[in-house]
Amino acid sequence: MAERTVPASVKLLAGMWAAVLLVAVALTGTWLVRSPGVNAHVAVAGPSESELRMVAQTKVLFGHNSVGMDILDGLATVYADASVAAPAVADVTGGAVAPDGESAAFRHAYIGVNGDPTSKLAAFTEVMDSAAGKDVDVALMKLCYADITAATDVEAVFDGYVSTMAEVEAAHPDVRFLYTTVPLTADRSWKSKIKAVLGRDDEMGPADNVARERYNAMIRDQYAATGRLVDIAAVEAAGTGERSKDGSTYYVLNENLTRDRGHLNEAGAAAVAVEVVKVVAGRGAVG
């Protein structure tokens, strides 16, 4: 089957929507976000200049994989839009901190392997116990959409996450730990739908987002009341509405916020980065 070419007009329209989202942030300082677990969208003020400056002077350790780099790129966009100097970022993968990374506000580490959430939990514990975790003020880790699919034992991953977070909090009582929901994927493309029919499924189908919503609902129940939940999925799902498959509710990544149905484009990265800044600054939603 010949590959279908996306018309230039469609590409232009998608680019225009992404640009509109970025301009809205620059001009109004607000994003549309969904309250945790609720299919309602409200305008919430973005970070103030004082919050941006405070976060830039807060030592943060962030364990992640590829979508995490999107978020870090979005962080630079948010600061540039506000004309505030962005925090320095240092790669501390493996736990080592280079001399020029000692003063970096954001230390980030690639942890584990996509599709193996247990490896990420173990790697986050290791990096927290290393030199990279020394003297940090705030720490968080995120799983990837590839870590939660229809084939995942969602309860087991949730239990492992809660247990890991409790252990690192006990080992590092002076660190303020943040919690995260797992990212989503956008609706299937026509190629993905054909693969599903042929039995060559990927991690981007409705059943996979159903599993992610099950996991995220448990995360919200566990951590929303702390005010330290970075609800990545809620930001990604803004404007998409509630979906249902076989009686189960799920949400999808807004196609205007992604470059490939899983990773974030400039607008999506900035939207999630705004949420990170707000929660690091202590302005997370409590509910």
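Here the structure is a predicted model, which means the values were calculated and not measured.

**Digging into the packing of aromatic side chains**
At step 1: Scanning all chains against the criterion turns up three aromatic pairs.
At step 2: Taken together, a centroid distance of 6.5 Å and an interplanar angle of 85° make the contact between Phe124 and Phe177 edge-to-face. With Phe124 in helix α4 (residues 117-128) and Phe177 in strand β7 (residues 176-177), the pair connects residues that are 53 residues apart, well separated along the chain. With respect to class, Phe124 is no different from Phe177; both count as buried.

**A look at the pattern of salt bridges**
At step 1: Across all of its chains, the model carries 11 salt bridges by this definition.
At step 2: Here Glu213 ties to Arg220 by a salt bridge, and the two come within 3.5 Å at their closest N and O atoms. In this structure, Glu213 and Arg220 share a single accessibility class: buried.
At step 3: As a salt-bridge pair, Asp231 and Arg220 come within 2.8 Å of each other at their nearest N and O atoms. Taken as a pair, Asp231 in the loop between β9 (229-230) and α8 (232-236) and Arg220 in helix α7 (residues 206-223) lie far apart in primary sequence, 11 residues in all. Arg220 shares its class with Asp231; the two are buried.
At step 4: Linked through salt bridges whose partners overlap, the residues forming this network are Glu213, Arg220 and Asp231.

**Concerning helix α2 (residues 49-56)**
Each α-helix winds once per 3.6 residues, and so residues spaced three or four apart point in a common direction.
At step 1: Turning to α2, its buried residues are Glu51, Leu52 and Val55. Along the long axis of α2, the arc covered by the buried residues comes to 100°, so they all point the same way.
At step 2: As for α2, its buried residues are in contact with α3 (66-81), β5 (106-110) and α9 (266-280).

**Some details on the sheet that holds strand β3 (residues 60-64)**
At step 1: In spatial order, the strands read β4-β5-β3-β6-β7; together these five strands make up an open sheet with parallel pairing. Since the sheet does not close on itself, it has two edges, and those belong to β4 (89-91) and β7, each with one partner.
At step 2: Where α4 meets the sheet, it contacts β3, β5, β6 (138-141) and β7, and its direction lies at approximately 160° from that of β6.

**A look at the environment of Val113**
At step 1: As for its placement among the helices and strands, Val113 is situated in the loop between β5 and α4.
At step 2: Linking Val113 and Asn65, residues 48 residues apart in sequence, is a C-alpha distance of 8.1 Å.
At step 3: Other than its neighbours up to four places away in sequence, Val113 contacts Ser119, Lys120 and Asp147.

**A closer look at the packing of helix α5 (residues 154-171) against α7**
At step 1: Put simply, α5 and α7 touch, their axes get as near as 10 Å, and they point 30° apart. The crossing of α5 and α7 is right-handed. Here Val154, Glu155, Val157, Phe158, Tyr161, Val162 and Met165 of α5 come into contact with α7, specifically with Ala211, Arg214, Tyr215, Met218, Ile219, Gln222 and Tyr223.
At step 2: Class assignment for the residues of the contact of α5 with α7 results in 11 nonpolar, one polar and two charged.

Rules behind the numbers
- Residues numbered from 1 in each chain as written.
- Predicted model: local features only at pLDDT ≥ 70, side-chain atom pairs only at ≥ 80, totals over all residues.
- Heavy atoms only, no water.
- Phe/Tyr/Trp six-rings, centres within 6.5 Å; stacked < 30°, edge-to-face > 60°.
- Helix = DSSP H or I, 4+ residues; strand = E, 2+ residues; numbered from the N terminus.
- Buried < 20%, exposed > 50% of the residue type's maximum accessible area, 1.4 Å probe, protein only.
- Salt bridge = Lys/Arg side-chain N within 4 Å of Asp/Glu carboxyl O.
- Arc of directions from axis to C-beta.
- Contact = heavy atoms within 4.5 Å.
- Pairing = 2+ DSSP bridges.
- Axes fitted to C-alpha atoms, helices over the stretch in contact; angles between N-to-C directions.
- Left-handed = near helix turned anticlockwise from the far one by under 90°.
- Nonpolar A, V, L, I, M, F, W, Y, C, P; charged D, E, K, R; others polar.

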